[in-house]
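One letter stands for each residue in the lines below.
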Amino acid sequence: MDVLVTLFYILFSICIVHPPAEFVSAGFTIPQLFDSFLGSENTNFIGYHMKRTTITALIHSALPAGYVVTLWCAGERGEWMLSSFAACMIIPGLVALKLVSWWENDKSKHPIVKALLPYVTPGIDWRVIAADLNSQFRSVDKVSVSLSATSKFVVTQIWLIKLTQYRLNLVKQTDCTLVATATDRHNLSTTGEDEVQYVNIEAIPTRDDIEKFTFRISTTSLRELQPRLERAVRVPEHISLLPTLIERFVEVFKQHIEENPVYITDQEMELCIGCMQNQADVKLNRRCAPQPNQNQEPYTPCEQCNCRVLWCCSCMARWWVARAGGPPSSWLAARGSCPVCRAHFCLLDVCPARASAS
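Treat the numbers as computed from the prediction; the structure is a model and nothing was measured.

**Things to note about the overall build of the protein**
In terms of regular secondary structure, the protein is built from 13 helices and 12 strands. A globule of 358 residues ought to have a C-alpha radius of gyration of about 21 Å, yet the protein, at 30 Å, is considerably larger. Overall, the protein is about 95 × 60 × 40 Å in size when its C-alpha atoms are taken along their principal axes. Intrachain contacts of the protein at a sequence separation of at least 6 include 59% that bridge at least 24 residues. As displayed, the protein has an accessible area near 20,100 Å², and 57% of this comes from carbon and sulfur atoms.

**Here's the deal with the sheet that holds strand E3 (residues 159–163)**
If you trace the 4 strands from one edge of the open sheet to the other, you get E1-E2-E3-E4, paired in antiparallel fashion. The sheet is open, and its two edges are formed by strand E1 (143–148) and strand E4 (168–172), each paired on a single side. With strand direction ignored, the average angle separating the axes of adjacent strands in the sheet is 15°. Pairing of strand E2 (residues 151–155) with E3 involves 4 bridges; the strand directions are antiparallel. Bridged to Phe 153 within E3 is Lys 162. Strands E2, E3 and E4 of the sheet are contacted by helix H10 (residues 126–138), whose axis makes an angle of about 90° with E3.

**A look at the UniProt feature "transmembrane region" (unreviewed entry) in the protein**
According to UniProt, the "transmembrane region" (unreviewed entry) feature falls on residues 6–34, 55–74 and 80–100. What you have in residues 6–34 is 72% helix and 0% strand, and the ends, taken at the C-alpha atoms, are 26 Å apart. As a span, residues 55–74 carries 90% helix and 0% strand, and end to end its C-alpha atoms are 27 Å apart.

**Points about the sheet that holds strand E6 (residues 195–205)**
Consider a sheet: its strands pair through backbone hydrogen bonds, and that pairing is either parallel or antiparallel. In space, the 3 strands of this open sheet follow the order E5-E6-E7, with antiparallel pairing throughout. Each edge of the sheet is formed by a strand with only one pairing partner; in this case those strands are strand E5 (176–187) and strand E7 (213–218). Neighbouring strand axes in the sheet, compared pairwise and without regard to direction, differ in orientation by 20° on average.

**Considerations on the packing of aromatic side chains**
Inspection of the entire model under this criterion finds 13 aromatic pairs. Ring centres 5.6 Å apart and planes at 50° place the aromatic pair Tyr 9 and Tyr 67 in the tilted group. Taken together, the residues Tyr 9 in helix H1 (residues 2–17) and Tyr 67 in helix H6 (residues 63–73) connect sequence positions 58 residues apart. With a relative accessible area of 9%, Tyr 9 lands in the buried category. When its relative accessible area of 26% is taken as the criterion, Tyr 67 is described as partly exposed. Both rings, one in Trp 320 and one in Phe 345, keep their centres 5.5 Å apart while their planes meet at 55°; by these two values the pair is tilted. Here Trp 320, found in helix H13 (residues 313–324), pairs with Phe 345, found in strand E11 (residues 344–345); they are 25 residues apart in sequence, far enough to count as distant. In this structure Trp 320 comes out as buried when scored by relative accessible area, which is 1%. Taking the relative accessible area as the measure of exposure, Phe 345 reaches 1% and is therefore buried. One residue, Lys 142, lies across the ring of Phe 137, its end atom 4.7 Å from the ring centre. Across from the ring centre of Tyr 198, 4.2 Å away, lies the NZ or CZ of Arg 216, which sits over that ring.

Procedures and definitions
Residues numbered from 1 in each chain as written. Predicted model: local features only at pLDDT ≥ 70, side-chain atom pairs only at ≥ 80, totals over all residues. Heavy atoms only, no water. Helix = DSSP H or I, 4+ residues; strand = E, 2+ residues; numbered from the N terminus. Rg over C-alpha atoms; globule rule 2.2 N^0.38 Å. Contact = heavy atoms within 4.5 Å. Areas by Shrake-Rupley, 256 points an atom, 1.4 Å probe, with all protein chains shown as cover. Pairing = 2+ DSSP bridges. Axes fitted to C-alpha atoms, helices over the stretch in contact; angles between N-to-C directions. UniProt positions renumbered as here; feature names shortened; annotations may be inferred. Phe/Tyr/Trp six-rings, centres within 6.5 Å; stacked < 30°, edge-to-face > 60°. Buried < 20%, exposed > 50% of the residue type's maximum accessible area, 1.4 Å probe, protein only. Lys NZ or Arg CZ within 6 Å of the ring centre and 35° of its normal.

This is how it looks when you write it as structure tokens:
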């Protein structure tokens, strides 16, 4: 019985310290349970996290004493229990004294306030910086990315913020350089179609009074952050970022198109009307033979497209994906329609276009 209670409490403690997705969705996390006390993060960002870190530290320190109480509730009796409980209570007692010191002397020893102090000029109260942060966090321009169930990374117009259970890392975008240090990939399916890559990024401040920090983020989330960053993330040559699923399909699409016959045209090659950056280089030219409709479903055979060379291969591939639908494994076998005249075509009909030499 004691072994089962011990295993249960260990599992419970792990879920409290690092809550799984089930605990988060059920609202059984420290911020969610104490939501009424913490207030609104969006309204008072700094005050909210000052309270959150304090409550989190106190509850975590009380977990050993909670184990003794759990054993007693399960029917365990022994002379050692009282002394064990008293010994375990020393931990939250010491932590409580530390927490009291955080909130004394104008809260200057609180870890959240310490992160603000490097930006507090002499004669100015730290609450001025806190008010600016609160205002920045309320802005619709901010981007918040969850790093785990207990941490997240926030980018505002001015600040880069990393939030963890016990502290806050803060630096201005102008005072920091983000450098990718390592990557790792994980397959979410046996076919490798759903592959995700995570990037370890180190924030290196240009000021000595600000501590550097690291965070781990997916490549997809990193691309979402890039437009909000004043300085792009530096990626060393030995690190390669995983392209998106669409980008990977574009490369495969190009490889298949190169196997088709070249369409020679006497028109002057212009810019692609899709991106207006690349030169138009593909022509829809019917090559496939009519296929029998074995499924007895409505079927439209491939048609000859009479449009000029208007699209580059990349834009045609993205248009193909938009029309294909279904799982990625079926994209190449799908059929598309011309973006202009809506003539139906298959992969065999997409030919690389070249201008005639004359």
